[in-house]
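A closer look at the structure
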Amino acid sequence: KKNEEEEKEVQKPNFGLSGALAKDEDNGGNMYKGVLLKFSEPPEARAPNTQWRLYVFKGEDAIETLHVAKQSAYLLGRNEDICDVVVRHTSCSSQHA
């Protein structure tokens, strides 16, 4: 009976991200500098009218001020080649939208 049960065990569905939707046969996918981006900016995205700022702190000290009203979207992450704002922390993945 154990052999029959092992044979009947079907592979469970995998609902993880495969990246298949980001790939486009016509242009090779959402590529930037040779890296497949995990984010696609929506067509309705616009640069904000308000002059937003992002204040970077390390402990109590303000390190930098980033003016984030210049673009409609920014890519944050550890990958220095493609990210607009580089986050140098191991808990951050290579790309965040």
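Above this text sits the structure in question.
Residues numbered from 1 in each chain as written. Predicted model: local features only at pLDDT ≥ 70, side-chain atom pairs only at ≥ 80, totals over all residues. Heavy atoms only, no water.

**Description of the pattern of salt bridges**
Note the threshold: Note on definitions: salt bridges are taken to be side-chain nitrogens of Lys or Arg within 4 Å of carboxyl oxygens of Asp or Glu. Only protein chains enter the calculation, and the probe is 1.4 Å; a residue is then buried if its accessible area is under 20% of its type maximum, exposed if over 50%, and partly exposed in between.
In this structure the tally under the stated criterion is 1 salt bridge. Among the salt bridges present, the one from Arg-88 reaches Glu-80, with a minimum N-O distance of 3.5 Å. With relative accessibility at 69%, the residue Arg-88 sits in the exposed group. You can call Glu-80 exposed: its relative accessible area is 52%.

**A look at the side chain of Gln-95**
Let me state the cut-off plainly: Under the scheme used here, helices are H or I runs from DSSP no shorter than 4 residues and strands are E runs no shorter than 2 residues, and both carry numbers assigned from the N terminus. Here, two residues are considered to be in contact whenever any of their heavy atoms come within 4.5 Å of each other.
Relative to the elements of secondary structure, Gln-95 occurs in the segment after strand S6 (85-86). According to the relative accessible area criterion, Gln-95 is buried, its value standing at 8%. Contact partners of Gln-95, with chain neighbours within four places excluded, come to Val-35, Leu-36, Leu-37, Lys-38, Leu-75, Leu-76, Gly-77 and Ile-82.

**Remarks on the layout of surface pockets**
Let me state the cut-off plainly: Think of a 1 Å grid over the protein atoms and nothing else: a 1.4 Å probe that fits but is trapped marks a cavity, an open set flanked by protein within 12 Å on at least five of seven lines marks a pocket, and residues with an atom within 4 Å of a point count as lining. Grid points are joined across faces, edges and corners, and a volume is the space filled by probe spheres set on the points. The classification used treats Ala, Val, Leu, Ile, Met, Phe, Trp, Tyr, Cys and Pro as nonpolar, Asp, Glu, Lys and Arg as charged, and all other residues, Gly among them, as polar.
Space inside the largest pocket adds up to approximately 360 Å³. Lining of the largest pocket is provided by 14 residues; of these, Val-56, Glu-64, Val-86, Val-87 and Arg-88 occupy positions nearest its centre. Those elements giving two or more residues to the lining of the largest pocket turn out to be strand S3 (53-58), strand S4 (61-67) and S6. Examining the composition of the lining of the largest pocket, we find that 4 residues originate from one element, S3, more than from any other. For the lining of the largest pocket, the per-class residue count stands at 9 nonpolar, 1 polar and 4 charged.

**Observations concerning the environment of His-67**
Structurally, the position occupied by His-67 is in strand S4. Taking the relative accessible area as the measure of exposure, His-67 reaches 44% and is therefore partly exposed. Here the alpha-carbon distance between His-67 and Trp-52, two residues 15 residues apart in the chain, equals 6.1 Å. Apart from the residues lying within four places of it in its own chain, the contact partners of His-67 are Trp-52, Arg-53 and Tyr-74.

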